[in-house]
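Tertiary structure, described
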Amino acid sequence: MGDLFFISVFVFVIWLASLIFKSPKEPPKPKDDPDKKTQEKFAVQVLKKNSTPEEIAEKEGYDIEHIKQWVQDYIDYAVKYSFDAKKINAHIDRLTDDIAFLKGICRKYIGDDWEEKTDYQNRTRKKYK
(Lines give C-alpha, C1' and ligand atoms only; values in the text may rest on other atoms or scores of the structure.)
Protein backbone atom coordinates (compact mmCIF):
# COMPACT_ATOMS: atom_id res chain seq x y z
CA MET A 1 0.00 0.00 0.00
CA GLY A 2 2.84 2.35 0.88
CA ASP A 3 4.56 1.63 -2.43
CA LEU A 4 1.42 2.46 -4.39
CA PHE A 5 1.06 5.78 -2.56
CA PHE A 6 4.72 6.62 -3.15
CA ILE A 7 4.44 5.83 -6.89
CA SER A 8 1.28 7.92 -7.28
CA VAL A 9 2.90 10.89 -5.49
CA PHE A 10 5.99 10.49 -7.67
CA VAL A 11 3.89 10.47 -10.89
CA PHE A 12 1.97 13.53 -9.63
CA VAL A 13 5.22 15.43 -8.92
CA ILE A 14 6.59 14.61 -12.38
CA TRP A 15 3.32 15.73 -14.01
CA LEU A 16 3.35 18.97 -11.98
CA ALA A 17 7.00 19.62 -12.88
CA SER A 18 6.24 19.10 -16.57
CA LEU A 19 3.52 21.76 -16.34
CA ILE A 20 5.75 24.24 -14.53
CA PHE A 21 8.94 23.70 -16.53
CA LYS A 22 7.30 23.17 -19.88
CA SER A 23 9.40 24.30 -22.83
CA PRO A 24 8.34 27.58 -24.41
CA LYS A 25 6.19 27.33 -27.49
CA GLU A 26 7.97 27.57 -30.80
CA PRO A 27 7.05 30.62 -32.83
CA PRO A 28 4.64 29.83 -35.64
CA LYS A 29 6.22 28.83 -38.92
CA PRO A 30 5.99 31.65 -41.51
CA LYS A 31 3.53 31.10 -44.32
CA ASP A 32 4.72 30.34 -47.83
CA ASP A 33 5.24 33.35 -50.08
CA PRO A 34 2.07 34.69 -51.70
CA ASP A 35 1.67 35.39 -55.41
CA LYS A 36 3.57 38.22 -57.10
CA LYS A 37 0.59 40.60 -57.03
CA THR A 38 0.23 40.28 -53.25
CA GLN A 39 3.98 40.73 -52.78
CA GLU A 40 3.83 43.95 -54.79
CA LYS A 41 0.84 45.14 -52.73
CA PHE A 42 2.84 44.69 -49.51
CA ALA A 43 5.90 46.37 -51.06
CA VAL A 44 3.82 49.40 -52.04
CA GLN A 45 2.38 49.60 -48.52
CA VAL A 46 5.90 49.68 -47.09
CA LEU A 47 7.17 52.21 -49.63
CA LYS A 48 4.19 54.51 -49.04
CA LYS A 49 4.87 54.16 -45.31
CA ASN A 50 1.35 52.83 -44.68
CA SER A 51 2.91 49.96 -42.73
CA THR A 52 6.28 48.48 -41.87
CA PRO A 53 7.66 45.05 -42.76
CA GLU A 54 7.37 44.13 -39.09
CA GLU A 55 3.66 45.00 -39.01
CA ILE A 56 2.98 43.01 -42.17
CA ALA A 57 4.96 40.04 -40.85
CA GLU A 58 3.01 40.07 -37.59
CA LYS A 59 -0.41 40.64 -39.17
CA GLU A 60 -0.12 38.38 -42.22
CA GLY A 61 2.31 35.74 -40.91
CA TYR A 62 5.02 36.06 -43.57
CA ASP A 63 8.76 36.03 -42.95
CA ILE A 64 10.10 39.55 -42.38
CA GLU A 65 13.20 38.95 -44.49
CA HIS A 66 11.03 37.89 -47.40
CA ILE A 67 8.94 41.05 -47.06
CA LYS A 68 12.09 43.17 -47.14
CA GLN A 69 13.21 41.26 -50.25
CA TRP A 70 9.84 41.92 -51.92
CA VAL A 71 10.30 45.64 -51.29
CA GLN A 72 13.80 45.53 -52.78
CA ASP A 73 12.56 43.54 -55.79
CA TYR A 74 9.82 46.11 -56.39
CA ILE A 75 12.34 48.97 -56.20
CA ASP A 76 14.64 47.15 -58.64
CA TYR A 77 11.73 46.59 -61.02
CA ALA A 78 10.68 50.26 -60.83
CA VAL A 79 14.23 51.45 -61.54
CA LYS A 80 14.58 49.05 -64.47
CA TYR A 81 11.22 50.14 -65.84
CA SER A 82 12.17 53.81 -65.57
CA PHE A 83 15.26 53.18 -67.71
CA ASP A 84 13.34 51.08 -70.25
CA ALA A 85 10.07 53.07 -70.24
CA LYS A 86 10.75 54.92 -73.48
CA LYS A 87 11.52 51.66 -75.32
CA ILE A 88 8.52 49.85 -73.78
CA ASN A 89 6.12 52.70 -74.61
CA ALA A 90 7.45 52.86 -78.18
CA HIS A 91 6.78 49.13 -78.55
CA ILE A 92 3.24 49.58 -77.20
CA ASP A 93 2.68 52.43 -79.67
CA ARG A 94 3.84 50.22 -82.57
CA LEU A 95 1.49 47.44 -81.50
CA THR A 96 -1.39 49.90 -81.18
CA ASP A 97 -0.68 51.16 -84.70
CA ASP A 98 -0.60 47.58 -85.98
CA ILE A 99 -3.98 46.84 -84.41
CA ALA A 100 -5.48 50.00 -85.92
CA PHE A 101 -4.08 49.01 -89.34
CA LEU A 102 -5.49 45.48 -89.11
CA LYS A 103 -8.88 46.80 -88.01
CA GLY A 104 -8.87 49.05 -91.08
CA ILE A 105 -8.07 46.08 -93.33
CA CYS A 106 -10.91 44.10 -91.76
CA ARG A 107 -13.29 47.02 -92.24
CA LYS A 108 -12.24 47.35 -95.90
CA TYR A 109 -12.52 43.67 -96.89
CA ILE A 110 -15.19 42.33 -94.50
CA GLY A 111 -17.32 45.42 -93.99
CA ASP A 112 -18.19 47.85 -91.23
CA ASP A 113 -19.84 45.06 -89.25
CA TRP A 114 -16.66 42.96 -89.25
CA GLU A 115 -16.59 42.79 -85.44
CA GLU A 116 -19.97 41.02 -85.32
CA LYS A 117 -19.14 38.77 -88.27
CA THR A 118 -15.83 37.66 -86.75
CA ASP A 119 -17.03 37.67 -83.13
CA TYR A 120 -14.11 39.99 -82.40
CA GLN A 121 -15.16 40.77 -78.82
CA ASN A 122 -15.18 37.07 -77.84
CA ARG A 123 -11.92 36.06 -79.52
CA THR A 124 -9.45 33.90 -77.70
CA ARG A 125 -6.92 36.04 -75.90
CA LYS A 126 -3.99 35.19 -73.76
CA LYS A 127 -4.83 36.43 -70.28
CA TYR A 128 -2.01 38.28 -68.55
CA LYS A 129 -1.81 38.54 -64.82
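Please read these numbers as outputs of a predicted model, since none were measured by experiment.

Reading the values: the criteria
- Residues numbered from 1 in each chain as written.
- Predicted model: local features only at pLDDT ≥ 70, side-chain atom pairs only at ≥ 80, totals over all residues.
- Heavy atoms only, no water.
- Salt bridge = Lys/Arg side-chain N within 4 Å of Asp/Glu carboxyl O.
- Helix = DSSP H or I, 4+ residues; strand = E, 2+ residues; numbered from the N terminus.
- Buried < 20%, exposed > 50% of the residue type's maximum accessible area, 1.4 Å probe, protein only.
- Patch = residues over 30% accessible without salt bridge, like charges linked within 9 Å, V, L, I, M, F, W, Y side chains within 5 Å.
- Areas by Shrake-Rupley, 256 points an atom, 1.4 Å probe, with all protein chains shown as cover.
- Contact = heavy atoms within 4.5 Å.
- pLDDT = per-residue confidence, 0-100.
- Phe/Tyr/Trp six-rings, centres within 6.5 Å; stacked < 30°, edge-to-face > 60°.
- Axes fitted to C-alpha atoms, helices over the stretch in contact; angles between N-to-C directions.
- Parallel < 35°, antiparallel > 145°, perpendicular 65-115°, else oblique.

For the structure shown, the criterion picks out two salt bridges. For Asp84, the salt bridge goes to Lys80, with nearest N and O atoms at 3.0 Å. Here Asp84 and its partner Lys80 are both found in helix H4 (residues 64–109), four residues apart, which amounts to about one turn of the helix. Given the relative accessible area of 52%, Lys80 is considered exposed. Where Lys117 meets Asp113, a salt bridge forms, and the shortest distance between an N and an O atom there is 3.4 Å. Take Lys117: its relative accessible area is 53%, and that puts it in the exposed class.

Turning next to a nonpolar patch on the surface. Taken together, the side chains of Phe5, Val9, Phe12, Val13 and Trp15 present a nonpolar region at the surface, about 530 Å² in accessible area. Within the secondary structure, Val13 is located in helix H1 (residues 2–20). You can call Val13 partly exposed: its relative accessible area is 47%.

Turning our eyes to something else, we now look at the environment of Ile67. Relative to the elements of secondary structure, Ile67 occurs in helix H4. Beyond its immediate sequence surroundings of up to four residues, Ile67 is in contact with Pro53, Ile56, Ala57 and Tyr62.

Below, the discussion takes up the confidence of the model for the protein. Of the residues in the protein, 86% reach a pLDDT of 70 or more, and the chain-wide mean stands at 85. Confidence scores differ between elements of the protein, with H1 showing the lowest mean pLDDT of 74 and helix H2 (residues 36–47) the highest of 94.

Another aspect to go through is the packing of aromatic side chains. Evaluated as defined, the whole model comprises four aromatic pairs. Arranged with centres 6.2 Å apart and planes meeting at 15°, the rings of Phe42 and Trp70 form a pair that is stacked. Of this pair, Phe42 sits in helix H2 while Trp70 is found in helix H4, placing the two residues 28 residues apart along the sequence. The burial state of Phe42 is the same as that of Trp70; both residues are buried. Between Trp114 and Tyr120, the ring centres sit 4.9 Å apart and the planes meet at 65°, which makes this aromatic pair edge-to-face. One aromatic cluster is present, built from ring pairs that chain together Phe42, Tyr62 and Trp70.

This part covers the packing of H2 against helix H3 (residues 53–60). For the pair H2 and H3, the least separation of the axes is 9 Å and the interaxial angle reads 140°. Considering the angle they form, H2 stands oblique to H3. Contacts between H2 and H3 involve Phe42, Gln45 and Val46 from the first element and Pro53, Ile56 and Glu60 from the second.

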